[in-house]
Amino acid sequence: MARVRMQEKYIQQYEDLYEDFHIVKTPLLAEEVRGIDKLKAFAQNLCEPYSGEQEEGDSDEVSQEDQVLALQQQVAKLRAKCARLEKDLAASQQK
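Note that the structure is predicted; figures quoted are calculated from it, not measured. (Residues numbered from 1 in each chain as written. Predicted model: local features only at pLDDT ≥ 70, side-chain atom pairs only at ≥ 80, totals over all residues. Heavy atoms only, no water.)

## A few points about the overall build of the chain
Right, so step 1: Within the chain one finds three helices and zero strands.
Right, so step 2: Ordered by position in the sequence, the α and β elements of the chain form the string α-α-α.
Right, so step 3: Within the chain, counting contacts between residues at least 6 apart in sequence, those at least 24 apart form 53% of the total.
Right, so step 4: Only carbon and sulfur atoms are counted for the fraction: they give 54% of the accessible area of the chain, which is about 8100 Å². (Helix = DSSP H or I, 4+ residues; strand = E, 2+ residues; numbered from the N terminus. Contact = heavy atoms within 4.5 Å. Areas by Shrake-Rupley, 256 points an atom, 1.4 Å probe, with all protein chains shown as cover.)

Right, dumping it as structure tokens:
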């Protein structure tokens, strides 16, 4: 769970700094990607959207609890961003 929080912090920083960049999110794996077979399997994440759904028997992906926490954090960040945008819009309409 701590890894998810740490990565979410960095992802948010990237999104804030590079709004115009397309950031490809990949699953948070339990171990490093080593070897040609694992690298080829991981490369699929760059070509196909990562759904975040854990397949049965797939121990490399984060637990459902961690996924829920990560999604809750994303929702909170989106709500905060929405509030900022609404505030900016209201301020611009008053001018």
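## Remarks on the side chain of Glu8
Right, so step 1: Mapped onto the elements of the fold, Glu8 is located in helix α1 (residues 2-17).
Right, so step 2: The exposure class of Glu8 is buried, given its relative accessible area of 8%.
Right, so step 3: Ignoring anything within four residues of it in the chain, the contact list for Glu8 reads Ala70, Gln73, Gln74 and Lys77. (Buried < 20%, exposed > 50% of the residue type's maximum accessible area, 1.4 Å probe, protein only.)

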